[in-house]
2 protein chains.
Amino acid sequence: MKKANRTGANARERILEAAGEIFAECGYQKATVRDICGKAAVNLAAINYHFGDKENLYRETLRNAVFLSYQKYPPDGGATGADRPEDRLRAYIRSFLFRILDPGRSAWFGKIISREIIEPTPVLDSLIKEVFYPNFLRLVSIIEDIVGRDKDPETVRFCAASILGQCLYFGNSKTRFFFLNKKRFAPEKIEGITDHITRFSINALAAINKT
Amino acid sequence: MKKANRTGANARERILEAAGEIFAECGYQKATVRDICGKAAVNLAAINYHFGDKENLYRETLRNAVFLSYQKYPPDGGATGADRPEDRLRAYIRSFLFRILDPGRSAWFGKIISREIIEPTPVLDSLIKEVFYPNFLRLVSIIEDIVGRDKDPETVRFCAASILGQCLYFGNSKTRFFFLNKKRFAPEKIEGITDHITRFSINALAAINKT
DNA sequence: GAATATTTAATACGGTCGTTTCAAACAAAT
DNA sequence: ATTTGTTTGAAACGACCGTATTAAATATTC
């Protein structure tokens, strides 16, 4: 008696999907539950029934988006500890970029997270602790493997920030204006960006290694 | 008959100031004209009288914020063409960082612009053309002076993006979580970040120079 | 100082949005 | 088949917000 699905597709999941799309496009404030219900083809009350309120729907949507994108593009990017640190760095960067630039369903993640970074909601705090900070430390560890573990910890973390900053910069829409007028980066283009950031960063790290 | 100031401080300017603060804090959607009027200690109708509507007030606020921050921290950062390109790069980075990290009045700029990048309004397009893109080209030119003017233009632009990305990354509030729990970077800290980004980037560019 | 233009004040309108309500439709259990 | 629990549907409530209105108050000009 737990699940009584009249319609084929679960209403709850349809809402979650529509919410991902609309929250990504409009942001939390501008998005309306009416739009979400319209796109999900459910009644207005369904949102209240399944999620309680808009805020909780957003919370679930965000967690779902994070889950999907990290599932599709794991932080290690397929590289293992056996690989050279430079290759692990490249895989890390590539995964990061695809996570925020990949079109399709998991692209919600990039947009929603970008908004969160600027205008954080309470949801972000737990995500930082559970997902982003551990992921940050993973990057720090890769960098330490490159520059040596004897370097000043703050310097290493600054380098991690430099790498993440580069990745994030390519994630937002308007900076693309400087490069091309396309709305999206094609996958080949993302590979090219991966190459650039990897090369740029490894060069920088190599110089630090020598200090 | 142009100006009839009953109160000492111009109401229009008080609104502009309050709007800068509130738009920066809340974003366009969440900010209410009532809050702005309250903080500016003017009547609700004043916003309509002086600016027409909320959207136009935002437009003026944004342009004002850009003007203030670029006035306080000019793109060249005091460096001239006579300086070494590496020094001009450092000055550029320093100005950029202070523009978005400086506390006080011009800090609105950083927050509002950060929001604009994620969720652009029509105002941004003209700003990009008039301010940001020319500023981007200035950076490109500095980079060319470092790596040589014979390099692939896209590579150079990617390098510019890498540098701007690093700067922007330190501008938002939540990444600071990874470094310290302070709400703001102290000025000395900003100098330290300037040092890091400059060193990191010059190392990377030097390697490209050798290709 | 009277006439005119400008600015401020108080209030209300119209619309949108999140949420609630309550009954109907449906599925599961007995 | 009846009962019980779950899900959906249509409509409305209540609050908030941007904007408009209108008159009063204040400057400016002659």
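Scroll up for the structure.
Our subject in this report is the structure included herewith.

**Comments concerning the interface of chain B and chain A**
In step 1: The interface is formed by 46 residues belonging to chain B together with 46 residues belonging to chain A.
In step 2: At the junction of chain B with chain A, the criterion picks out four salt bridges.
In step 3: Residue Glu119(B) pairs with Arg115(A) through a salt bridge whose shortest N-O separation is 2.8 Å.
In step 4: Those elements that place two or more of their residues in the side of chain B that touches chain A are α1 (11-30), α6 (107-118), α7 (122-147), α8 (153-171) and α9 (187-209) of chain B.
In step 5: For the side of chain B that touches chain A, the leading source of residues is α8(B), giving 14 residues.
In step 6: Classifying every residue of the side of chain B that touches chain A by side-chain character gives 26 nonpolar, twelve polar and eight charged.

**As for the relation of the copies chain B and chain A**
In step 1: Rotating chain B by 180 degrees about the axis while translating it 0.0 Å along that axis superimposes it on chain A, leaving an RMSD of 0.1 Å. The transformation just described matches what one would write down for a two-fold rotation axis.
In step 2: In this assembly, 100% of the residues forming the interface of chain B have copies in chain A that are likewise at the interface, indicating an isologous arrangement.

**Some details on helix α1 (residues 11-30) of chain A**
Residues spaced three or four apart along an α-helix point in a common direction, a consequence of the helix completing one turn every 3.6 residues.
Residue and element names in this part refer to chain A.
In step 1: Counted at 1.5 Å a residue, the expected span for α1 with its 20 residues is 28 Å, but the 23 Å between its end C-alpha atoms falls short.
In step 2: Residues of α1 that are buried include every one of Ala 11, Ile 15, Leu 16, Ala 18, Ala 19, Gly 20, Ile 22, Phe 23, Ala 24, Cys 26 and Gly 27, and no others.
In step 3: Elements that come into contact with the buried residues of α1 comprise α2 (33-40), α3 (44-51), α4 (54-72) and α6 (107-118).

**Some words on the side chain of Arg115(B)**
In step 1: Looking at where Arg115(B) falls in the secondary structure, it is placed in helix α6.
In step 2: A distance of 3.0 Å separates the side chain of Arg115(B) from the backbone oxygen of Glu25(B), its partner in a polar contact.
In step 3: Residues in contact with Arg115(B), not counting those within four places in the same chain, are Ile118(A), Glu119(A), Phe23(B), Ala24(B), Glu25(B), Cys26(B) and Gly27(B).

**Notes on the side chain of Asp102(B)**
All names here are of chain B.
In step 1: Residue placement: Asp 102 occurs in the loop between α5 (85-101) and α6.
In step 2: A relative accessible area of 8% means that Asp 102 is categorised as buried.
In step 3: Within the local environment of Asp 102, its side chain forms a polar contact with the side chain of Tyr 73, the two groups lying 2.2 Å apart.
In step 4: The residues touching Asp 102, leaving out its near neighbours within four places in the chain, are Lys 72, Tyr 73, Leu 97 and Ala 107.

**Section: α3(A)**
Residues and elements named next belong to chain A.
In step 1: Residues Ala 46, Ile 47 and Phe 51 constitute the buried set of α3. Mapping the buried residues of α3 onto a view down its axis gives an arc of 100 degrees, with all of them on the same face. Exposed side chains of α3 directed beyond 90 degrees from the buried face belong to Asn 48 and Tyr 49.
In step 2: Where α3 is buried, its residues touch α1, α2 and α4.
In step 3: With a side-chain oxygen lying 2.9 Å from the backbone nitrogen of Ala 45, the N-terminal cap of α3 falls on Asn 43.
In step 4: After α3 finishes, the residue Gly 52 shows a positive phi value of roughly 90 degrees.

**Description of the packing of helix α7 (residues 122-147) of chain A against helix α8 (residues 153-171) of chain A**
All names here are of chain A.
In step 1: One can describe the packing of α7 onto α8 by two numbers: an axis separation of 9 Å at closest approach and a directional angle of 115 degrees. By the angle class used here, α7 and α8 are roughly perpendicular. For the element pair α7 and α8, the recorded crossing hand is right-handed. Note on element contacts: α8 touches α7 through Val 156, Arg 157, Cys 159, Ala 160, Ala 161, Ile 163 and Leu 164, opposite Tyr 133, Phe 136, Leu 139, Val 140, Ile 143, Glu 144 and Val 147.
In step 2: Looking at side-chain class alone, the contact of α7 with α8 contains twelve nonpolar, no polar and two charged residues.

**Concerning the nonpolar core**
In step 1: With 139 residues, the main nonpolar core has Phe132(A) and Phe132(B) as its most contacted residues.
In step 2: Excluding anything up to four places from it in sequence, Phe132(B) contacts Phe178(A), Val66(B), Tyr70(B), Phe109(B), Ile113(B), Leu124(B) and Leu127(B).

Reading the values: the criteria
- Residues numbered from 1 in each chain as written.
- Chains lettered and ligands numbered in written order.
- Predicted model: local features only at pLDDT ≥ 70, side-chain atom pairs only at ≥ 80, totals over all residues.
- Heavy atoms only, no water.
- Contact = heavy atoms within 4.5 Å.
- Salt bridge = Lys/Arg side-chain N within 4 Å of Asp/Glu carboxyl O.
- Helix = DSSP H or I, 4+ residues; strand = E, 2+ residues; numbered from the N terminus.
- Nonpolar A, V, L, I, M, F, W, Y, C, P; charged D, E, K, R; others polar.
- Least-squares fit on C-alpha atoms with pLDDT ≥ 70 in both.
- Expected span 1.5 Å × (residues − 1).
- Buried < 20%, exposed > 50% of the residue type's maximum accessible area, 1.4 Å probe, protein only.
- Polar contact = N/O pair within 3.5 Å; in protein donor to acceptor, adjacent residues only side chain to side chain.
- Arc of directions from axis to C-beta.
- Axes fitted to C-alpha atoms, helices over the stretch in contact; angles between N-to-C directions.
- Parallel < 35°, antiparallel > 145°, perpendicular 65-115°, else oblique.
- Left-handed = near helix turned anticlockwise from the far one by under 90°.
- Core = buried A, V, L, I, M, F, W, Y, C linked by side-chain atoms within 4.5 Å.

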